[in-house]
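Working through the structure, step by step
Here is what each chain is made of, one letter per residue.
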Amino acid sequence: MPQESTPRRERKRTVQQMVVVGVIATAIGITIGLLIPWFPPADSTQADKIDTLWDVLIIATVPIFVLVTVIVLFAVIEFRMRPGEENLDGPPIHGNTKLEVIWTAVPAVLIVGLVTYAYIVLTDIEKAPAAGNERVVTVTGQQFAWSFAYNEGGKKFTTAQLYLPAGESVKFDVKSKDVIHDFWVPDFRMKIDAVPGITTHYRVTPKNPQAIGDHAIVCAELCGLGHAFMRQTAHVLSKADFNTWLAKMTAPKPAPGGGAAGAAINAKQLFTAGDADTGATACGSCHTLADAGTTGTTGPDLDKTLKGKDAAFIKESILDPNKQITQGYQPGIMPPNFGDTLSPEQVDALVKYLSEVTNK
Ligand code: CUA
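Now for a look at the structure at hand. Keep in mind that what you see is a predicted model, and the values were worked out from it rather than measured.

**Details of the pattern of salt bridges**
Considering all chains together, one arrives at 15 salt bridges under this definition. Linking lysine 171 and aspartate 173 is a salt bridge whose minimum nitrogen-to-oxygen distance equals 3.9 Å. Accessibility expressed as a relative area gives 22% for lysine 171, which makes it partly exposed. With a relative accessible area of 16%, aspartate 173 lands in the buried category. Overlapping salt bridges, with partners in common, bring together Lys49, Asp124 and Lys127 in one network.

Encoded structure:
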């Protein structure tokens, strides 16, 4: 038996109910959206503006999501096919100019508004500091490690971890040696692709003193098997601590070859503890070596794999670890940037040490 269409009064009541449901759902949605801790601490001056932009987007988009969802659900329930209506055709539709103008104009105004606001924020966070006096750090990505090149008053050096003073603007020149990576410090919010053949940039000012401490550096572009391991640390230091570090990094190096003038490099300590100044990882954290008392298993056991190998092989394995891979291990796990983050003297000292202790 065909049913009659819903009486007009009842339809009006349903629309009222829909409006009430929509308003409540919007209020709940916005509250949840603003309460969810989406981001880690905001530790750069740029981060606050980005977080505010995010909140504005939540407030603008939740009502639209709710509006669409409520109308869809309303239509599904209200206009569903009832028993006996299987063969009925709906009423013919001739379009509705007024409705079409509204549903084109309203989203257009919203989008232009949000794009304009986002553009203003972007210009603001990319702006150079007024003082003009800012540090440039060249960030180079490669499968699968970052390295950080400084040029401080003409003195150049490269580190394995990032060191920054709090409260000072830093501009990153971002490059890649192989494929596309993406340089991201979530606590700073800014993020950019490292693209082979071009240099990309962004700048941040770590907050002083809130940002003092360690921050994760993440590669945010799938770049190969070791992508997930392409994680390092940004150390934000107080200005005084940073200057102390800088003085150590730019101090004249002891004369190569040791002797009376230059303090000999303690290769065993370098192997077990890494280089605290540049942040170069300790070999022993991944490799087993009886003489150094290390038991790492991420990389090959050096007592076994280096036995009978000459100094040239050991040097190549440090500088170009993917050239020859020990059976049972994967390429791309060992950082390929020790040639940049260790001095030639440090590499030579390590080679000499490893050569001696594994060929006893
Ligand atoms: Cu480099 Cu992902």
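From this point, the discussion proceeds with the structure in view.
**Structural notes on helix H2 (residues 45-78)**
Under the 1.5 Å per step criterion, the end-to-end length of H2 is 51 Å for 34 residues, consistent within 8% with the ideal 50 Å. The sharpest bend along H2 measures roughly 25 degrees and falls at threonine 61, with the proline proline 63 sitting one to four residues further on. Buried-residue contacts for H2 involve helix H1 (8-35), helix H3 (97-126) and strand E8 (200-204).

**Thoughts on unusual backbone geometry**
Backbone torsion omega between glutamine 143 and phenylalanine 144 reads 0 degrees, so that peptide bond is classified as cis. Within the secondary structure, phenylalanine 144 sits in the loop between strand E1 (135-142) and strand E2 (145-152). At the junction of asparagine 208 and proline 209, the peptide bond is cis and its omega measures out at 5 degrees in the coordinates. Within the secondary structure layout, proline 209 lies in the loop between E8 and strand E9 (213-219). Of note, the phi angle at arginine 189 is positive, near 75 degrees, even though the residue is not glycine.

Scoring rules and cut-offs
- Residues numbered from 1 in each chain as written.
- Predicted model: local features only at pLDDT ≥ 70, side-chain atom pairs only at ≥ 80, totals over all residues.
- Heavy atoms only, no water.
- Salt bridge = Lys/Arg side-chain N within 4 Å of Asp/Glu carboxyl O.
- Buried < 20%, exposed > 50% of the residue type's maximum accessible area, 1.4 Å probe, protein only.
- Helix = DSSP H or I, 4+ residues; strand = E, 2+ residues; numbered from the N terminus.
- Expected span 1.5 Å × (residues − 1).
- Bend = angle between axes of the 7 residues up to and from the residue.
- Contact = heavy atoms within 4.5 Å.

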